[in-house]
Amino acid sequence: MPKLEGKVAIVTGGGRGIGREHAIALARAGAKILVNDLGASLAGEGADEGPAHGVVREIEGLGGEAAANGENVADFAGAKRMVEAALEAFGRLDILVNNAGILRDRMLVNMEEHEWDAVVQVHLKGHFAPTRHAAAHWRERSKAGEEVRARVINTSSPSGVFGNVGQANYGAAKAGIVGFTLIAAQELQRYGVTVNAIAPNARTRMTEAAFGEIPPPEEGFDPADPANNSPIVVALCADEAQNVTGQVFFVYGGVVNMLRGWEAGELFASRERWDPDELLHELQDRLPEGAAPPGMLESMHRAGGQSMRER
Ligand SMILES: NC(=O)c1ccc[n+]([C@@H]2O[C@H](COP(=O)([O-])OP(=O)(O)OC[C@H]3O[C@@H](n4cnc5c(N)ncnc54)[C@H](O)[C@@H]3O)[C@@H](O)[C@H]2O)c1
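From a predicted model like this one, the values you see are computed outputs, not experimental measurements. (Residues numbered from 1 in each chain as written. Predicted model: local features only at pLDDT ≥ 70, side-chain atom pairs only at ≥ 80, totals over all residues.)

Glancing now at the overall build of the chain. For the chain, the helix and strand inventory stands at 10 helices and eight strands. At 20 Å, the chain has a C-alpha radius of gyration in line with the 19 Å of a compact globule built from 311 residues. By its C-alpha atoms, the chain is 65 × 50 × 40 Å across when sized along the principal axes. Taking all 311 residues of the chain together, 45% fall into the buried category. Partitioning the intrachain contacts of the chain with sequence separation of at least 6 by distance along the chain shows that 70% fall at a separation of at least 24. (Helix = DSSP H or I, 4+ residues; strand = E, 2+ residues; numbered from the N terminus. Rg over C-alpha atoms; globule rule 2.2 N^0.38 Å. Buried ≥ 20, exposed ≤ 12 C-beta atoms within 10 Å, placed from the backbone. Contact = placed C-beta atoms within 7 Å.)

Following this line, the structure appears as structure tokens:
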């Protein structure tokens, strides 16, 4: 188990599901945890301090140190207060796990403006705002001469990296989180901050809302246990992982697949500007069967996983 003693982590949305497991796993590795959770419904409505406080009590029960925080991660000023709360409670900040999220699934043709806005707000701005304030803190420490070893772990989704029908809002936000991860990794490397993302899978209220009840196996390893997503988070937080940044890790049960993102592919090169007709011929010649995304299920199989729907 990598030793994270003396380190301080914020886990957003740490009151339930996957975030709760990250908080407990990081605490078991020795980190002190600010458990952030607005306590919202799955659709992002309401607020309840209960889940964050519950996880704080669990961590304390394990002999760890934790404090609760109820800020909304998509509120720019609230995210700043959250970073300040970690500094106030524990005197430092080393790790930010951006995990909080909501769902408002709908087919694109029926999607309402508020369903788009709320999901993009919580996921995309909810990653930017905490990272922005944590990064300013780490830059200050780096500029003061400290050798900073800080971590941001973002949360994308198979829906964002492979594309899932019915989730245009959520998948676009989760794909945006990958783009954000790539840029933040490059910008923050100079301050000693690595930025990676996971594309997790688990039985939580989120997947049970989408796919119905997902019963655990009667015996043996449970690939849908949300705790399966946390070992890669803890590993990336170790000092020894200082040179791994800008990566996206798909996780399903015991499978961790470091995904290849957009990279150079089929090349259509001409010495001059293409004529559209010639280019169309070229497309038809090279793609006699056409081209379309394989969809999330097939992509997940290729990555070594399954959809919760298939369980
Ligand atoms: N469960 C899966 O299989 C799966 C798959 C891919 C991605 N994810 C992602 O993993 C993350 C965790 O999902 P989960 O399945 O554990 O869901 P969950 O609903 O069990 O937990 C999410 C938590 O985030 C909190 N939250 C919501 N909005 C917030 C806000 N604005 N500020 C602070 N906290 C807020 C909620 O109160 C909740 O406790 C999400 O980003 C989700 O999109 C989950």
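Time to look at the nonpolar core. L26, I33 and V35 are the most contacted members of the largest nonpolar core, which totals 76 residues. The element contributing the most residues to this core is helix α6 (residues 168-188), with eight residues. (Core = buried A, V, L, I, M, F, W, Y, C linked by C-beta atoms within 7 Å.)

A word on the pairing of strand β1 (residues 8-11). Side chains V8 and I10 of β1 all project onto a buried face; the interleaved residues A9 and V11 project onto the opposite face, where all are buried too. Here β1 pairs with strand β2 (residues 32-36) via four bridges, running parallel. Among the inter-strand pairings, V11 is bridged to a residue of β2, identified as V35. Bridging between β1 and strand β4 (residues 95-97) involves three bridges; their strand directions are parallel. Looking at the pairing, A9 lines up with I95 of β4. (Pairing = 2+ DSSP bridges.)

Further remarks concern the site of the ligand. Close to the ligand lie 33 residues; G13, R16, G17, G101 and T204 are nearest. Counting only elements with at least two residues in the shell around the ligand, the list comes to α1 (17-28), α4 (113-143) and α7 (205-211). Each residue belonging to the shell around the ligand can be placed in one class, and the counts come to 13 nonpolar, 17 polar and three charged. (Near = placed C-beta within 6 Å. Nonpolar A, V, L, I, M, F, W, Y, C, P; charged D, E, K, R; others polar.)

Further remarks concern the packing of α1 against helix α8 (residues 230-237). Remark: α1 packs on α8, axes separated minimally by 9 Å, with the N-to-C direction vectors making an angle of 45°. Taken together, the axes of α1 and α8 lie oblique to each other. Seen along the crossing, α1 lies across α8 with a hand that is right-handed. For the pair α1 and α8, the contacting residues are E21, H22, A25 and L26 in the first and S230, V233, V234 and C237 in the second. In terms of residue class, the contact of α1 with α8 is built from five nonpolar, two polar and one charged. (Axes fitted to C-alpha atoms, helices over the stretch in contact; angles between N-to-C directions. Parallel < 35°, antiparallel > 145°, perpendicular 65-115°, else oblique. Left-handed = near helix turned anticlockwise from the far one by under 90°.)

Our next topic: the packing of α4 against α6. Where α4 meets α6, the axes come as close as 9 Å, and the angle between the chain directions of the two elements is 15°. Judged by the inter-axis angle, α4 sits roughly parallel to α6. α6 is crossed by α4, and the crossing has right-handed handedness. In this structure, α4 uses E115, W116, V119, V120, H123, L124, H127, F128, T131 and A135 to contact α6, whose residues at the interface are N169, Y170, A173, K174, G176, I177, F180, A184 and L188. Its residues placed into classes, the contact of α4 with α6 shows 12 nonpolar, five polar and two charged.

What follows covers the sheet that holds strand β5 (residues 150-155). With mixed pairing, the eight strands of this open sheet are ordered in space as β3-β2-β1-β4-β5-β6-β7-β8. The open sheet has two edge strands, β3 (66-69) and β8 (255-258), and neither has a second partner. The mean inter-strand angle of the sheet, taken between neighbouring strand axes irrespective of direction, is 20°. Sitting on the sheet, α4 is in contact with β1, β4, β5 and β6 (193-199), with an inclination near 175° to β5. In this fold α6 packs onto β5, β6 and β7 (248-252), with an angle of close to 165° to the strand it touches most, β6.

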